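Observations on chain architecture
Listed below are the residues making up each chain.
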Amino acid sequence: MSREDRPKVALVIGSGGLKCAAVIGLMQVLERENIELDMVVGCSGGSIFGAAIALGYTPDQLIETRKKAWTDDITKKLSLASILKIVFPRIFGFDDHIGIIDDSIMAGNIENTFGRKTMFSDTLIPFYCVTTDFHTGEAVVLSEGPLARAVRISSGIPLVFRPIEWNGRLLFDGGLSNPLPVDIAIQQGADIIIAVGFETPLTPTISSPGQFAMQMFNILQNQLLYKRYAFFNAAHHSEIIPIIPDLPKGIKINDVSKVPFIIAQGKAEAEKHIGYLKKMLAIRRE
Amino acid sequence: MAASRRRIALVIGSGGIKCAASIGMWKVLREELSVDLIVGSSGGSVYAPAIARGASIDYMAEASREVWTMDVMQGYVANLKAARGGSLKFNERSGLVDDSVLNKALEKVALDLSFSDIRIPLKIIATDMLSGEKVILSKGKVQDAVRASLAIPLIFPPWEIDGRLLIDGGVSDPLPIDVAIQEGADIIIAMGFTLSYRTRFRSMTAVQEQLNSIYINNILNSTYAFYNLAHHAEIFPILPEFDEPLSMFDVDKIPAIIEKGEEATREHLPHIKKLLTALD
């Protein structure tokens, strides 16, 4: 059956840090079942895997992508400039480009993985990368221009990695406006949407104002996730299949030794839904 | 048997001092209808009990001045400095402010009343800070509920009720229309407020405020979108717009804020009345 005749299948990978690697497990199942995707939407940590999938990487290549792009040292180097601005805001001129981690390791990894010159137009299927405008709070979807830069922006956890200019707008983490962007897939005409989403875990004890603030932001992001998801489930015309892998609390963005476990959990969750997905595909084909 | 009257709910969302606009809303609505349920979250929790117990417009305006005064920020500057320097001990029960002034001001709002003393059913929304869940408060002392609902993270210490550590209702449900629907309201008049964005960032606090506003405004937008589409009741969202950004403690602007609330409500009034007539 030609691509035009069959239902359009979208993969949406939500914000979830390193947990987004669970999508590799899903891709192993989709490959085995010969299910092709027509578009990919990625947000925050999900944008790294989303870009790779849109470029046509196989599950094995995705594992390599993770190793190359997401090393355990991405948070190792502090941004001295940002820290001075935070501690001495007046002397060093505090501004809106704050990020306490120097993003050069992360940005370099992403460029090395995808290539500095790779553009959105080089992907085999359309890829939409969700970010947030720091000044207006709106979700901004990137779908053309340099791919690695877009992925870096979408993964820009606030206060940790600095926001970045893109066509005159200051953009950062897509999770602040649209942590599981199923609406983008709906707008782009998807018939069936596989949505891989993650709740942000909360901490039971707090020992600093910074942790207190993180707890608040994590609660807000979860509430935003529930409210948006409820809306799109009620509003859409396509079928949304949620894949929410069962993962324990406390997976940090540099816990790379846990990746094989994360992938296995993603695969296990995908296996639970694959029967339904195949049924949907069959119905939609008639 | 006479047809039962439709149940009307008022919902007042989070918005700090802007929530004083609900005084203006009530000024207009009290002439037109009687209310069967009032729900308040965060700043809205200051006004919900006052409306429910029938406080006068003047009293509500006066109480507003005391709640939103700069004095409630007692200790903030010193504690913030200590926090930056790392010498402040901070845990899940902490805030940067000594809350005694706020607690005193809330006595005026709540008058030592219990929920059971108030004739019109009242629900106050807070957030469980360890589980992140929305918590609906409807029994015990009203002041405890309002204090919990107002516990702006990092500023006011969380408030413990029945063993749960509670913070600002705006973090889980900035415009709790869902609570009014669950309670069986047929008509819901919901006053909500978007948070303003900053243009200049001079400190970490400013960036944190911005992140908070981005999240809450996106949650608000999703809330409207969802209930506009999915609800079974009639919902009138009243969103007063303010020409200039208001700081948290612009008490001198309270009369203007009340007026904005009145104006915004009058715009909706013909539609609300039409629906009331149609349903009666």
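Now for a quick tour of the structure. (Residues numbered from 1 in each chain as written. Chains lettered and ligands numbered in written order. Predicted model: local features only at pLDDT ≥ 70, side-chain atom pairs only at ≥ 80, totals over all residues.)

1. Here we look at the overall build of chain B
- Broken down by element type, chain B carries nine helices and eight strands.
- In terms of overall dimensions, chain B has C-alpha extents of about 70 × 40 × 35 Å along its principal axes.
- Out of the 280 residues belonging to chain B, those deemed buried represent 48%.
- The long-range share in chain B, meaning contacts at least 24 apart out of those at least 6 apart in sequence, stands at 77%. (Helix = DSSP H or I, 4+ residues; strand = E, 2+ residues; numbered from the N terminus. Buried ≥ 20, exposed ≤ 12 C-beta atoms within 10 Å, placed from the backbone. Contact = placed C-beta atoms within 7 Å.)

2. Here we look at the overall build of chain A
- When you go through chain A residue by residue, the secondary structure sums to 10 helices and eight strands.
- Taking 2.2 N^0.38 as the reference for a compact globule, 286 residues should give roughly 19 Å; the C-alpha atoms of chain A span a radius of gyration of 19 Å, in line with that estimate.
- Taking the principal axes of its C-alpha atoms as reference, chain A extends roughly 65 × 45 × 35 Å.
- When the 286 residues of chain A are sorted by exposure, 49% land in the buried category. (Rg over C-alpha atoms; globule rule 2.2 N^0.38 Å.)

3. Some words on helix α3 (residues 57-67) of chain B
All names here are of chain B.
- Looking at α3, one finds that the buried residues are M60, A63, S64 and V67. Each buried residue of α3 lies within a common arc of 110° when the element is viewed along its axis, so the set occupies one face.
- Looking at the buried positions of α3, the neighbouring elements they touch are α1 (21-29), α2 (44-52), α5 (100-110) and α9 (254-279). (Arc of directions from axis to C-beta.)

4. Section: the packing of helix α3 (residues 59-69) of chain A against helix α6 (residues 104-114) of chain A
Residues and elements named next belong to chain A.
- Packing of α3 against α6 leaves a shortest axis separation of 8 Å and a crossing angle of 145°. Where α3 abuts α6, its residues T65, K68 and A69 lie against N109, I110, N112 and T113.
- Looking at the contact of α3 with α6 residue by residue, the classes come out as two nonpolar, four polar and one charged. (Axes fitted to C-alpha atoms, helices over the stretch in contact; angles between N-to-C directions. Nonpolar A, V, L, I, M, F, W, Y, C, P; charged D, E, K, R; others polar.)

5. A look at the environment of A264(A)
- With respect to the helices and strands, A264(A) occurs in helix α10 (residues 259-285).
- Separated by 43 residues in sequence, A264(A) and Q221(A) have C-alpha atoms that sit 26 Å apart.

6. Regarding the pairing of strand β6 (residues 164-168) of chain B
Residue and element names in this part refer to chain B.
- Counting buried positions along β6 yields four of five residues, so the element is predominantly enclosed.
- Sheet topology note: the strand β3 (residues 122-128)/β6 ladder contains three bridges and is antiparallel. Its bridge partner being in β6, T127 is matched across the sheet by I167.
- Direction of pairing for strand β5 (residues 159-161) relative to β6: antiparallel, over a ladder of three bridges. Across the sheet, the residue bridging to E160 is L165, located in β6.
- Counted along the chain from β5 to the antiparallel partner β6, the turn is two residues long, and its residue D162 has a positive phi close to 50°. (Pairing = 2+ DSSP bridges.)

7. Side note on the interface of chain A and chain B
- At the interface, 39 residues of chain A touch 35 residues of chain B.
- Secondary-structure elements contributing two or more residues to the side of chain A that touches chain B are α4 (80-87) and α9 (209-235) of chain A.
- Ranked by residue count, the leading element in the side of chain A that touches chain B is α9(A), at 18 residues.
- Its residues assigned to classes, the side of chain A that touches chain B shows 23 nonpolar, 12 polar and four charged.

8. Some words on the nonpolar core
- Core analysis: the biggest nonpolar cluster contains 171 residues, and V12(A), V23(A), A185(A) and V11(B) have the highest contact counts within it.
- Discounting residues that sit within four places of it in the chain, V12(A) has contacts with V41(A), L180(A), P181(A), V182(A), A185(A), I193(A), I194(A), A195(A) and V196(A). (Core = buried A, V, L, I, M, F, W, Y, C linked by C-beta atoms within 7 Å.)

9. As for helix α7 (residues 147-154) of chain A
- Within α7(A), seven of the eight residues are buried, which leaves the element mostly enclosed by the surrounding structure.
- All of the buried residues in α7(A) are L147(A), A148(A), A150(A), V151(A), R152(A), I153(A) and S154(A).

10. Topic: unusual backbone geometry
Residue and element names in this part refer to chain A.
- The backbone of L159 sits at a positive phi, close to 70°, despite the residue not being glycine.
- Mapped onto the elements of the fold, L159 is located in the loop between α7 and β5 (164-166).
- Even without glycine at this site, N167 takes up a positive phi of about 45°.
- Looking at the element boundaries, N167 is found in the loop between β5 and β6 (169-173).

11. Side note on the pairing of strand β4 (residues 139-142) of chain A
Residue and element names in this part refer to chain A.
- Summarising the sheet, strand β3 (residues 127-133) and β4 pair through four bridges and their orientation is antiparallel. Opposite T131, over in β4, you have V140 as the bridge partner.
- The turn linking β3 back onto β4 is made up of five residues, and G137 within it adopts a positive phi angle of 75°.

12. Remarks on the environment of L55(A)
Residue and element names in this part refer to chain A.
- Here L55 is to be found in the loop between α2 (45-54) and α3.
- By the C-beta count within 10 Å, which is 20 here, L55 ends up buried.
- For the pair L55 and K19, spaced 36 residues apart in the sequence, the C-alpha separation amounts to 21 Å.
- If we ignore the near neighbours within four places in the chain, the residues touching L55 are T123 and L124.

13. Considering the packing of α1(B) against α9(B)
Residues and elements named next belong to chain B.
- Orientation of α1 relative to α9, taken along the N-to-C sense of each, is 45°, at an axis distance of 6 Å. In terms of orientation, α1 and α9 fall into the oblique class. Considering only the axes of α1 and α9, their crossing is right-handed. Contacts from A21, S22, I23, G24, M25, K27, V28 and L29 in α1 reach I257, I258, E259, K260, G261, E262, T265, R266 and L269 in α9. (Parallel < 35°, antiparallel > 145°, perpendicular 65-115°, else oblique. Left-handed = near helix turned anticlockwise from the far one by under 90°.)

The quantities given are spatial measurements derived from coordinates; they are silent on function.
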